Amino acid sequence: MNAPPSPSHLSSGQAARPPRPGPVRDVVAVVLVAVPLGLALLGPLVAGAAPERTQPFLPDAGWLGSDFVGRDVWRQVLLGGWSIIATALCATVLAYLVGAPIGLAAAMTRRRWVDEALLRPLDILLALPSLLLMLLLASIAPPTAWTVVGIVALINLPDVARIVRAGALEVARRTSVEAMWLQGESRVAIAVVFIGRAVLRTLAADAGVRVVGAFYLVAAASFLGVGTGPDTSDWAVMVDVNRDGIFLTPWGVLVPAMLLVALSMGLNLLFDRLLSRRRHEEHTL
Amino acid sequence: MSHTPREPASQERAADTRVPAPPVVSVRGLTALAGPHRIVDDVGFDIAAGEVLALVGASGSGKTTTGLSLVGDARAGVRLEGSVDMAGTDVLGSRPPAGAVAYLPQHPAAVLNPVRRIGGVLREIARRHAVDDDGAPPRRIGRREIDARIAAALRRTLLPPPEELFGRFAHQLSGGQQQRLVFAQSLLCRARLLVVDEPTTGQDPLTRQRVAAELGELAGDGMAVLLLTHDLDLVRDLATGVLVLRDGGVVERGTTEDVLYRPQHPYTRSLTRAHFAGPGAASPESGAPAQAAPGPPRIEVVDLIAGGGRRRGARPILDTVGFRLAAGECLALVGPSGSGKTTLARCVAGLAPRRAGTVRRDGAPLPAAARRSRTQRARVQYVFQDARASFDEYRTIGDQVARSAVRLRGLAGDRARGEAVDMLARTGLSPDHARRRPAALSGGELRRAALARALLAGPEVLICDEITAGLDAVTRAGILDLLADLRQSFGISLLVIAHDMAVVARLAGRVLVLDGGRVVEEGSVDRVVAAPTHPLTRDLLDAAGAHRDSDGATATARTRDSPSAHP
Amino acid sequence: MWRYAARRVGFGGIQILAVALLAFALVEALPGDAAVALAADDPDPRTIARIRERMGLDQPVTVRFWEWLTGLFRADLGTSLVSGRPVTDILAAALAPTLTLAAIALALLLPLAVGLGVLAALREGGAVDRAITSASVSLYSVPEFALAIVLVAVFALQLGWLPPTAVGVSSLLAQPAVLVLPLVVLLARPICSISRLVRAGMIEALGSDYVEHAHRLGLSGRRVRYAHALPNALAPAAAQISRTTDWLLGGVVVEAVFVIPGLGTELVNAVAARDIPVIQGLALLFAMTTVAVNLAADLVAFRLAPRTEVVA
């Protein structure tokens, strides 16, 4: 309070903050997210029964033409968003469920070899391109949506474990934790109250980036045909299978591609906004 | 550290500054406003070449804001008024002329580029200021001459020669070397004014003596020095004039001698009395229990080996150390930084693991870190040096302090909170403090709260790590009184770590001197102060307390006057 | 430095070995017998026996791993189950287009990313900064294939400025127009992530005490910006390059979309056909490239900021 902070604290703290996003950017972000998200979540409810198949790549069939096997593109668009979003969310949750305990265990252990044994293998995983890992695993695992969930979670596992470990370790080494121990608090209580709180903050900051990353991976996997068949209703699959007809019925490729781009951009902008607000609050605390 | 003791540079300098030179910097009516709050209020002073002006005051008195306004650094949200005149131009609110002012912050590492090698930066500076000594306009000078100038600056500041230093990064230097590197840079850019912020906070007395000598030499070279500090020993050793600040305003100004030994203002008097009173002022009754009845030791440490990393064969930080602490006794751990004082204290408290040796309490062995029972933890309490870091920033002080009573004495929440408020009151904090979060308390207040937290556990042994470091004289005296008083009323044994021999003499009955992880001297404070046997102890005493017993003589030796301290 | 480099190289070696093990384990991990699985479309006992013999599945695991591993050192990666060509031949043929694309991308990446980051930092809060920051935030994790389709629709189909794919192009360098869209897509993600880091690092450095100190020492503004602040901003960027390896494989998707006959296309085809020897060979090649790039980036980061211990 009365100790004047050195100028560097203030200036660097303020400077490192990204520029305040304007209201225009917020509106753009909300629209970018709302349109694809609305289509993905509500689409399956309003899609209705499948109409009769027409010729492949027929521009006049339906609103957006027909796809590579003559299905209505608009109906496929309505059906195709849900699976990507659900898969990405499931993968993120699974990565946290498995990764957080590993990271916490590594941070709390007093035996160095346990720490090493838990994290070194993950280090090796972390250093490999995630798509490569995905393709390798996909080439042996059965092609289902749960395979993709598992693979994407596995790819995110090292990151999650590391982040949790670092967050917990930083807190566990604090003088205030030692002071609490001297006050007779049990290790478990300290871990739950103190470290848990810090780790939750870390995870809250990380969740946005992680969901967007999972979304990216799931989309790429679907596009490459991992875990999906060619006739799956899935925006990424649509882009892949309808590519040959881009000259005849461009909407069959372009609409799902634009929806994916919009959702990804919008999520990035929104999470960035949330993060910068959180950072702002922490600075003014 | 190969430091050869030298005569205080200030005395040689006295002769050089007989003719008052025009001031290097002239400050008039400096006022800093943060909203309606006046951080600095109408401060004015001059500093001439070769003079050292000390700005003295507690933290929050406006020292740093004043100092920073001279280096062209304003904090966000602070409005500056008045004038800072350097060589005929007002530099307030702008950057002073290139290279004219150098600034050494409390942590010198902050101003050294972490990713540039030292040599490259020094060459850049030297090339930029490649002016002939007679002040002729810049001309291109060769690399050889540049290197020669750098080598001279390094010699002047007692740094290693270029071939050793140039390839290194700043973080590979010790704190003292970093300080001196900034001095060398200031020499290379021919700075006329050097602003130094708290150069000795948290340093041992030997370091303080070295810093004083180095700054004295720079001033002897004709630099004007502005010293921001609350270290009155440094002021006495170094400054030619003193300005005492309180709440942003000047309460007293004058020559060092006048201000330190004939203070006029009550605040200055309280500062100097608290500081220079020394061991003589220690209330006799607080010294008495130091000679406690020799009973069985409350704490006994035998052949303790600890620290030094996990690798086998690595040199331990503590190498076979032992001592005894009787009931009601106060033992001081003394030694230079890195001598193992804190490791020893943490082993006793059960905070650090040990490799070998035993710690006994009342004859029964205390387990090593992490395996202590709640009672064992309660009996040996620790007050951390960094009090702020020892509190959880999200909960109120009262709640946190009360946990000691809840967990260690089994009190219910309400009663524990009541006792916490009472104990905080004993340490001088109000119920209002108890309701605040740590961020709303000052460093001194947090130390009191940390003390209350430890005492509420009902300890038999209290370990205090540098409990007064970095505090101004008045706050420090308050804490020391409190400790002495608590020891009397609770009869607890104290183990205090201190750099400051005045603190040792004030509190402790016995002293243990550590160096390089071993005990080099042990004995009663009286005996050790009067007749130290180990050279390190002698150095520590020389650096810290030697002039205390001859204050009169030192004062009469100071006959310099400091005209510029009266603008 | 050398000790760090040695440790880092050792770690890279372990990584490559781990991938080799993983790639080999692929065959073992196939449910049941690999041969049965591979012949799934045609469960004729004779086919299975033929595949089994060709893959050496009648020998014990350890023998097969040893032979496979020693084969690697003789540059013998086996033969494709689909075409029967040696895997090394397939890789060699596909190498040129991928290398061309990767080399140009890498040459453009650093100047563009650092330039944009520095520009945004120097104009902090201004319109230029807002534009760069918004673009880099929003494009950061857009799937390449979707971005590619949108760009093709606009620039190839609608405006007709650029060719939509590389179909029928003999050499990429002979018709550079073919390369424009793939490069834009390939660079989008890494430029975004690196320029954001450079911007943040630069802003922090410009506001730091050591930069203020350098100004006070009288050094010129240009030197302070580019010789004192910038090196501090580059270290985290270099460390980031070593940590985000995904973009290397962005090439796989880009090749698939633009029909460039490179390693990525081979990988996708091999995965689709479950052509295990080709997948193994490609996995090793990609792993070695990744490890080498990471190693280089880590060493640069270490050189720039000797305190950052990136891995190990």
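Residues numbered from 1 in each chain as written. Chains lettered and ligands numbered in written order. Predicted model: local features only at pLDDT ≥ 70, side-chain atom pairs only at ≥ 80, totals over all residues.

Side note on the overall build of chain B
- Check the secondary structure of chain B and you find 22 helices and 20 strands.
- Here chain B, with 567 residues, has 52% of them falling under the buried criterion.
- Long-range pairs, those at least 24 residues apart, make up 69% of the contacts in chain B with a sequence separation of at least 6. (Helix = DSSP H or I, 4+ residues; strand = E, 2+ residues; numbered from the N terminus. Buried ≥ 20, exposed ≤ 12 C-beta atoms within 10 Å, placed from the backbone. Contact = placed C-beta atoms within 7 Å.)

Describing the overall build of chain A
- Across its full length, chain A carries eleven helices and zero strands.
- In chain A, the succession of helices and strands from N to C terminus is α-α-α-α-α-α-α-α-α-α-α.
- Burial statistics for chain A: of 285 residues in total, 48% are counted as buried.
- Taking all contacts inside chain A whose residues are at least 6 apart in sequence as the whole, residues at least 24 apart take part in 73%.

Considerations on the sheet that holds strand β17 (residues 461-465) of chain B
Residue and element names in this part refer to chain B.
- Here we have six strands laid out as an open sheet, ordered β16-β17-β18-β13-β19-β20, and mixed in their pairing. Looking at strand neighbours, the two that pair on one side only are β16 (380-383) and β20 (518-524), the edges of this open sheet. Sheet twist, expressed as the mean angle between neighbouring strand axes with direction ignored, is 15°.
- Note: strand β19 (residues 510-515) against β20, six bridges, orientation antiparallel. (Pairing = 2+ DSSP bridges. Axes fitted to C-alpha atoms, helices over the stretch in contact; angles between N-to-C directions.)

What about helix α12 (residues 263-273) of chain C?
- Where α12 of chain C is concerned, the buried positions are Leu263, Gly264, Thr265, Glu266, Leu267, Ala270 and Val271 of chain C.
- Two residues or fewer after α12 of chain C comes Arg274 of chain C, characterised by a positive phi angle close to 55°.

Some words on the interface of chain B and chain C
- Listed per partner, the contact involves 24 residues of chain B and 18 residues of chain C.
- Counting residues per element, the ones that place at least two in the side of chain B that touches chain C are β6 (101-104) and α3 (118-128) of chain B.

A word on the confidence of the model for chain B
Residue and element names in this part refer to chain B.
- Mean pLDDT over chain B: 79, with 84% of residues reaching 70 or higher.
- The element-level mean pLDDT for chain B is lowest in helix α22 (residues 551-557), coming to 35, with β16 highest at 92.
- This model gives residues 1-18 a pLDDT under 50, and the stretch forms 19 contacts once residues within four places in sequence are excluded.
- Considering only residues more than four positions removed or in separate chains, one finds that residues 278-293, a stretch of pLDDT under 50, has 24 contacts.
- Across the interface, the model reports ipTM at 0.76; the global pTM reads 0.73. (pLDDT = per-residue confidence, 0-100.)

Observations regarding helix α14 (residues 397-409) of chain B
- Its 13 residues place the ends of α14 of chain B 18 Å apart at the C-alpha level, agreeing with the 18 Å of an ideal helix rising 1.5 Å per residue.
- Looking one or two residues past α14 of chain B, Gly410 of chain B carries a phi angle of roughly 65°, positive in sign. (Expected span 1.5 Å × (residues − 1).)

A closer look at the environment of Asp72 of chain A
All names here are of chain A.
- Note that Asp72 resides in the loop between α2 (23-46) and α3 (73-79).
- Among the residues examined, Asp72 registers 23 C-beta atoms within 10 Å and is labelled buried.
- Here the alpha-carbon distance between Asp72 and Leu58, two residues 14 residues apart in the chain, equals 9.4 Å.
- Sequence-distant contacts of Asp72, defined by excluding residues within four places in its chain, comprise Pro51, Ala61, Gly62 and Ser66.

What about the pairing of strand β9 (residues 241-246) of chain B?
Residue and element names in this part refer to chain B.
- Among the six residues that make up β9, five are buried, leaving the element largely enclosed by the rest of the structure.
- Here strand β3 (residues 52-56) pairs with β9 via four bridges, running parallel. In the strand pairing of β9, Ala54 is matched with Val242.
- Relative to strand β10 (residues 249-255), β9 runs antiparallel, the two sharing six bridges. Across the sheet, the residue bridging to Val244 is Glu252, located in β10.

A short note on the sheet that holds strand β5 (residues 89-90) of chain B
Residue and element names in this part refer to chain B.
- On the basis of which strands lie adjacent, the open sheet formed by four strands has the order β2-β1-β4-β5 and antiparallel pairing. Edge positions in the sheet fall to β2 (37-48) and β5, since each has one partner strand and no second.
- As paired elements, strand β4 (residues 79-86) and β5 share two bridges and run antiparallel to each other. Residue Asp85 lies in a different strand from β5, and its bridge partner there is Asp90.
- Contacts from helix α2 (residues 63-70) reach β1 (23-34), β2 and β4, with the element oriented near 125° to β1.

Here we look at the pairing of β3 of chain B
Residues and elements named next belong to chain B.
- Most of β3 sits out of view: five of its five residues are buried.
- On β3, burial covers both faces: Val52, Ala54 and Val56 on one face and Leu53 and Leu55 on the other are all buried.
- Sheet topology note: the β3/strand β8 (residues 224-229) ladder contains five bridges and is parallel. Directly across from Leu55, in β8, lies its bridge partner Leu228.

Points about the UniProt feature "transmembrane region" (unreviewed entry) in chain A
Residues and elements named next belong to chain A.
- Look at the UniProt record and you will see "transmembrane region" (unreviewed entry) annotated at residues 27-50, 82-106, 144-164, 207-226 and 246-271.
- Summarising residues 27-50: 83% helix, 0% strand, and an end-to-end C-alpha distance of 35 Å.
- The distance separating the terminal C-alpha atoms of residues 82-106 is 36 Å; by composition the span is 100% helix and 0% strand. (UniProt positions renumbered as here; feature names shortened; annotations may be inferred.)

Thoughts on the environment of Ala434 of chain B
- Considering the arrangement of structural elements, one finds Ala434 of chain B in helix α16 (residues 431-434).
- Expressed as a C-alpha distance, the spacing of Ala434 of chain B and Ile397 of chain B, which sit 37 residues apart in the sequence, is 5.0 Å.

A look at the environment of Ile39 of chain B
All names here are of chain B.
- Relative to the helices and strands, Ile39 resides in strand β2.
- Taking the C-alpha atoms as reference points, Ile39 and Ala326, 287 residues apart in sequence, are found 48 Å from one another.
- Those residues within four positions of Ile39 in sequence are excluded, and the remaining contacts are Ala32, Ala34, Gly62, Thr65, Val78 and Gly248.

With respect to the packing of helix α5 (residues 87-122) of chain C against helix α6 (residues 127-139) of chain C
Residue and element names in this part refer to chain C.
- Look at α5 against α6: their axes get within 8 Å of each other, and the N-to-C directions meet at 135°. On the basis of their axis angle, the class for α5 and α6 is oblique. The handedness of the crossing between α5 and α6 is left-handed. Across from Leu116, Leu119 and Ala120 in α5, the residues of α6 making contact are Val128, Asp129, Ile132 and Thr133. (Parallel < 35°, antiparallel > 145°, perpendicular 65-115°, else oblique. Left-handed = near helix turned anticlockwise from the far one by under 90°.)

Some details on unusual backbone geometry
All names here are of chain B.
- The phi torsion at Asp42 lies on the positive side, around 55°, for a residue other than glycine.
- On the secondary structure map, Asp42 appears in strand β2.
- The class of Asp42 is partly exposed, set by 14 C-beta atoms lying within 10 Å.
- You will see that Asp247, though not glycine, has its phi angle at about 50°, which is positive.
- Residue position: Asp247 is located in the loop between β9 and β10.

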